[in-house]
Amino acid sequence: MSNLKHIIETKFTEKFSEMPSVIVRAPGRVNLIGEHTDYNDGFVMPMAIDRSMWIGLRPRNDQKVKIYSIDFDVWAEFSLDALEKDTGFQEYLKGMAWALQEAGHQLGGWEGVMTGDVPRGSGLSSSAALELATARAFYEVSSFDWNPKEMALLGQKCENQWVGANTGIMDQLISATGQKGYALKIDCRSLDLEPVTLPQGTAIVVMDTMTRHAHTDSGYNERRAQCEEAARHFGVKALRDVSREQFNAHKHELSDLVMRRARHVISEDVRTHKAAEAMRAGDAALLGQLMNGSHDSLRDDFEVTNDALNTMVDIARKQSGCYGARMTGGGFGGCAVALVESDAAESFAKAVSHDYFKATGLEPQLYVCEATEGASTVS
Ligand code: GLA
């Protein structure tokens, strides 16, 4: 963390001949359980991780935003009174500015530099991190209040309507509201949050398969459409409103494909509630089993895993000290997550890296993650 702060300060000084007046950051996330449930108004349990997007900035007297991306080694510039869609990383900043303006907030211009250590496209929500860091940057140079849930909803609006990825609320909400030391069980309808802690003596290891997805891929939207079809069949707003009993009584009325999609979502909500109970009771074994069940359902019923994710999860589950493992995020590539004994975390990471490389020829990245706070001002 302090390393990225140092990089921001150094680059800012190089570009603007003084220190930034303010530095903001917003985290990526790993979802422990509750996958593909957020857009079904269901339950999720992400935690904000110690990998973030950082922006160092100073205000400008005009309506311009000018930013240098350290990672892409490129400048971008846009005017707040003439926002137009284009392509490139700056669309997340522009889209966030647009969403804030649409909500009635008067924005000030600013200039700065940005960098981050959330790997892009890996399922750890680098885009939500960038959206929330941008919101925080505008907050620092404008005069609106910081309401984390509102900022998350505007981040989602940016993602859906400006960037064009039809994602749910989970990623932006955890990047905005994350709490140090806690995962959050989130009701994606009411947006109520419940902080929950990991069982004593356990750690979370994120395992990047090094295969990638894009949200604009048709797979995600297709799953959403199938879930909506199932909800329509049951005459409810979202699959969250269908109980297991109702589902079992009527599932034969659905096509096999739509039935399996709905079965994943409905069973995943149940697993997420049970996972929160397991965490409250400090029951690592049960939490691990539920994570395993989640992955199997995502693999067999929802069909959003790929070979790399399945291989990674199989290898992780074979290691001693591993309670459970599953894919995390949207799927079709990206990261898996494991719950392991803290004392075994380092040796677990080594063994999984070794075995995964042997099986796939890909060099994975493994990180032991800490739960951190949501979007904030660093200095
Ligand atoms: C992506 C989306 C989220 C959520 C997950 C799947 O990360 O951005 O809104 O739908 O996939 O749980």
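Everything below is about the structure printed above this text.
A short tour of the structure in this document, coming up. (Residues numbered from 1 in each chain as written. Predicted model: local features only at pLDDT ≥ 70, side-chain atom pairs only at ≥ 80, totals over all residues. Heavy atoms only, no water.)

### Focus: the packing of helix 3 (residues 126-141) against helix 5 (residues 170-177)
Between helix 3 and helix 5, the shortest axis-to-axis distance is 9 Å and the interhelical angle comes to 50°. Between helix 3 and helix 5, the angle is such that the two are oblique. Crossing geometry of helix 3 relative to helix 5 is assigned as right-handed. Facing Ala128, Ala129, Glu131 and Leu132 of helix 3, the residues of helix 5 in contact are Asp171, Gln172, Ser175 and Ala176. Residues of the contact of helix 3 with helix 5, tallied by class, amount to 4 nonpolar, 2 polar and 2 charged. (Axes fitted to C-alpha atoms, helices over the stretch in contact; angles between N-to-C directions. Helix = DSSP H or I, 4+ residues; strand = E, 2+ residues; numbered from the N terminus. Parallel < 35°, antiparallel > 145°, perpendicular 65-115°, else oblique. Left-handed = near helix turned anticlockwise from the far one by under 90°. Contact = heavy atoms within 4.5 Å. Nonpolar A, V, L, I, M, F, W, Y, C, P; charged D, E, K, R; others polar.)

### Focus: the sheet that holds strand 7 (residues 183-187)
Strand order in the open sheet made by the 3 strands is 2-7-8, with antiparallel pairing throughout. At either end of the open sheet lies a strand with only one pairing partner, and these are strand 2 (43-44) and strand 8 (193-196). Bridge count for strand 7 against strand 8 is 4 bridges, and the pairing is antiparallel. In the sheet register, Ile186 faces strand 8, and the bridge partner there is Leu193. Sitting on the sheet, helix 5 is in contact with strand 2, strand 7 and strand 8, with an inclination near 130° to strand 7. (Pairing = 2+ DSSP bridges.)

### Observations concerning unusual backbone geometry
Although it is not a glycine, Met210 adopts a positive phi angle of roughly 70°. Relative to the assigned elements, Met210 resides in the loop between strand 9 (202-208) and helix 6 (218-234).

### A look at the nonpolar core
Core analysis: the biggest nonpolar cluster contains 74 residues, and Val30, Ile55, Trp110 and Phe138 have the highest contact counts within it. At 7 residues, helix 3 tops the list of elements feeding residues into this core. Taken domain by domain, the makeup of this core includes at least three residues from each of domain 1 (2-192 + 373-377) and domain 2 (198-369). If near-sequence neighbours (up to four positions away) are discounted, Val30 is found in contact with Pro46, Met47, Ile49, Leu124, Ile204, Val206, Thr328 and Val337. Of all hydrophobic cores here, the second largest spans 39 residues; its members include Ala230, Ala262, Phe302 and Val352. (Core = buried A, V, L, I, M, F, W, Y, C linked by side-chain atoms within 4.5 Å. Buried < 20%, exposed > 50% of the residue type's maximum accessible area, 1.4 Å probe, protein only. Domains from an automatic or database assignment.)

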